[in-house]
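Analysis of the macromolecular model
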Amino acid sequence: MSLWHIAWNYIWNRKLPSAVTVLCVALGVGLIAAVLTLRAETQRRFEEEGQAFDVVVGAKGSPLQLVLSTVYFIDVPTGNIDYDVYEELLQHEDVKAAFPLSLGDTYRGFRIVGTVPELFSHTWQSSYGEPRRPFEIAAGRIFDESMEAVLGAVVARQEGLGIGDTFVGTHGFMEGFGHVHDDMPYTVVGILDMSATPYDRAIFTSLESVWDLHDDHHDDDDHLHHDHDDHHDEITAVLVDLESAAMRMFFRQYINDNFNAMAATPIDEIAKLYRQILGTIKVVLLAVGYLVVAVSALSILASLYLSIMQRRRDLAVMRALGASPMDIFGSVVLEAFWITLLGIGLGWLLGSGLTWGVGLYLERNFGMGVTGFSLSVEQIQAFAVVALMGMLAGIIPAWQAYRTDVARHIAEH
């Protein structure tokens, strides 16, 4: 019988203590796996959406707040800017495309986004080489009149809305607060295909729809459409696609110097967010995970040491039957390896399951799909460290077994 089988049989014969030790290792490994996967996946998805536009132009304030509110729809906008800014940006020689956004209303927590039909033809390439087409129509058509709406896939699914249905928006960004526009319902004319992006949780309509709802310059019963030449109109932001990404820094400075507005680069702001905040959280959680693994390693050491004390006669018999001291040493180390390996496997499953669950939450609340069951190079490196810690934990019990006094332990029984 090989040393591998001998080690496995000893573990099998001690099911309960072995199972407890394996579970301790699995908990630490699961936390490590979940942290690494969530950190990598959320960063990847944030960065992919952050590359959709080179620059976001909006009201002065926090650049990160501007990006989060207009690209990811998870914060309050910094304010409004004149529609004239959008018109001027359209004429700039370095601007490939520009899309205005007007925010201010919600429907049951989903953002209502005023924009232009040209946004639906916008595509981009992520840094991973994947084409991103989040605005593909699954049913119906794009809006072309005031108070027509195109729903993100999650909005349509959760609210049970279809083509031809109507709904009314609420002023503000908090559900249950703000004035409800009962007298001006939206009509659903299109539904977007699922894209696992923040746009799945948005409702798109024309700028005129937003202006008509919030126009303070005409009678409430006279809902006339705005004209783009009305310079009193305001928008929340402009999403800008430049002719060259290399122009981002210069264009941002140009906006800040020449307009009563602020420019932010989404990919840079997201990088800062991960570096300053989420990077620290990752380090803390990983430290907790490795601490749990270290405690588990001590558990392996204690469990094997007690096991060696209980089966000294078995080890002595193995020696009497021809097993060398190194065979005894190796069998105990392999026990530690088996326990650690089982803990790593179970821990990966636990961590992946946790990540999958968190991914469902992120997709439901932020429209951000996260892959749960994945295995990255960073995870493999972490698992290798855990395996090494487990093997090292088995050395002291293995040394104790190596020093087994054959004659004395056989004579004692």
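First things first, this report covers the structure right here in the doc.

**Overview of the overall build of the chain**
Secondary structure assignment for the chain yields 13 helices and 15 strands. Scored against the burial criterion, the 413 residues of the chain give a buried share of 50%. Restricting to contacts in the chain with at least 6 residues of sequence separation, those with at least 24 account for 78%. Carbon together with sulfur atoms contributes 58% to the accessible area of the chain, which is approximately 19100 Å² in total.

**A word on the pairing of strand β14 (residues 237-242)**
Most of β14 is tucked away, with 6 of its 6 residues classed as buried. Here β14 shows no split at all, with A237, L239 and D241 on one side and V238, V240 and L242 on the other all buried. Here strand β1 (residues 55-58) pairs with β14 via 4 bridges, running antiparallel. Looking at β14, one finds that V56 is bridged to L239. Note: strand β3 (residues 95-107) against β14, 6 bridges, orientation antiparallel. Looking across to β14, one finds that V95 is bridged to L242.

**Topic: helix α4 (residues 83-90)**
Residues of α4 that are buried: Y83, V85, Y86 and L89. Seen end-on, α4 carries its buried residues on one side only, within an arc spanning 155 degrees.

**Here's the deal with the environment of I191**
Examined against the element boundaries, I191 turns out to sit in strand β11 (residues 186-192). In contact with I191, other than residues within four places in its own chain, are I137, A138, A139, V150, L151, A156, L161, G162 and I163.

**Observations concerning unusual backbone geometry**
With a phi angle near 55 degrees, F73 is a residue other than glycine that sits in the positive phi range. Residue F73 is classed as buried on the basis of its relative accessible area, which comes to 10%. At M147, a position not held by glycine, the phi torsion is positive, near 70 degrees. Looking at the element boundaries, M147 is found in the loop between β7 (137-140) and β8 (148-151). For M147, a relative accessible area of 11% corresponds to the buried category.

**Notes on the packing of aromatic side chains**
Centre distance and the angle of the planes are the two values used to describe a pair of aromatic rings. As enumerated under the stated definition, the model contains 15 aromatic pairs in all. Relative to Y199, the ring of F135 lies with its centre 4.7 Å away and its plane at 45 degrees, an arrangement referred to as tilted. In this pair, F135 sits in the loop between β6 (131-132) and β7 while Y199 sits in the loop between β11 and β12 (202-206), placing the two residues 64 residues apart along the sequence. Judged by its relative accessible area of 3%, F135 falls in the buried class. Clustering of aromatic rings is evident, with ring pairs tying together F73, F120, F135, F143, Y199 and F204.

**Examining the packing of helix α2 (residues 15-50) against helix α11 (residues 377-393)**
α11 packs onto α2 with a crossing angle of 160 degrees between their chain directions and a minimal axis gap of 10 Å. Taken as axis vectors, α2 and α11 run roughly antiparallel relative to one another. The hand of the α2/α11 crossing is right-handed. The residues of α11 that touch α2, namely those facing V25, V29, I32, A33, L36 and T37, are E378, Q379, A382, F383 and V386. When the residues that make up the contact of α2 with α11 are grouped by side-chain class, the tally is 8 nonpolar, 2 polar and 1 charged.

**Thoughts on a nonpolar patch on the surface**
On the surface, L23, L27, L346, L349, L350, W356, L360 and F373 cluster together to form a nonpolar patch covering roughly 740 Å² of accessible area. Broken down by element, the residue count for the nonpolar patch peaks at 5 residues, all from helix α10 (residues 325-366). Secondary-structure assignment places L27 in helix α2.

**Considerations on the nonpolar core**
If you look at the biggest cluster of nonpolar residues, it comprises 54 residues, and the most contacted ones within it are V57, Y199, F204, V238 and V240. With residues near it in sequence (within four places) discarded, V57 still touches L66, I81, V85, L89, T236, A237, V238, V240, I255, A261, M262 and A263. Core analysis: the second largest hydrophobic core is formed by 24 residues, V22, A297, V332 and A336 among them.

**Some words on the environment of R157**
Relative to the assigned elements, R157 resides in helix α5 (residues 153-159). Note: C-alpha distance between R157 and I191 (34 residues apart in sequence) is 9.8 Å.

**A few points about the pattern of salt bridges**
Going through the model one piece at a time under the given rule, you end up with 6 salt bridges. Note that R108 is salt-bridged to E159, the shortest N-O span being 2.8 Å. Remark: E159 occurs in helix α5 and R108 occurs in the loop between β3 and β4 (110-115); sequence separation between them is 51 residues. E269 serves as the salt-bridge partner of K272, at 3.6 Å between the closest nitrogen and oxygen. Of the two residues, K272 and E269 both sit in helix α8 (residues 266-310), 3 residues apart, roughly one turn of that helix. The buried category is assigned to E269, whose relative accessible area is 10%. Through salt bridges that share partners, R141, D144 and E148 make up one connected network.

Parameters and conventions
- Residues numbered from 1 in each chain as written.
- Predicted model: local features only at pLDDT ≥ 70, side-chain atom pairs only at ≥ 80, totals over all residues.
- Heavy atoms only, no water.
- Helix = DSSP H or I, 4+ residues; strand = E, 2+ residues; numbered from the N terminus.
- Buried < 20%, exposed > 50% of the residue type's maximum accessible area, 1.4 Å probe, protein only.
- Contact = heavy atoms within 4.5 Å.
- Areas by Shrake-Rupley, 256 points an atom, 1.4 Å probe, with all protein chains shown as cover.
- Pairing = 2+ DSSP bridges.
- Arc of directions from axis to C-beta.
- Phe/Tyr/Trp six-rings, centres within 6.5 Å; stacked < 30°, edge-to-face > 60°.
- Axes fitted to C-alpha atoms, helices over the stretch in contact; angles between N-to-C directions.
- Parallel < 35°, antiparallel > 145°, perpendicular 65-115°, else oblique.
- Left-handed = near helix turned anticlockwise from the far one by under 90°.
- Nonpolar A, V, L, I, M, F, W, Y, C, P; charged D, E, K, R; others polar.
- Patch = residues over 30% accessible without salt bridge, like charges linked within 9 Å, V, L, I, M, F, W, Y side chains within 5 Å.
- Salt bridge = Lys/Arg side-chain N within 4 Å of Asp/Glu carboxyl O.
- Core = buried A, V, L, I, M, F, W, Y, C linked by side-chain atoms within 4.5 Å.

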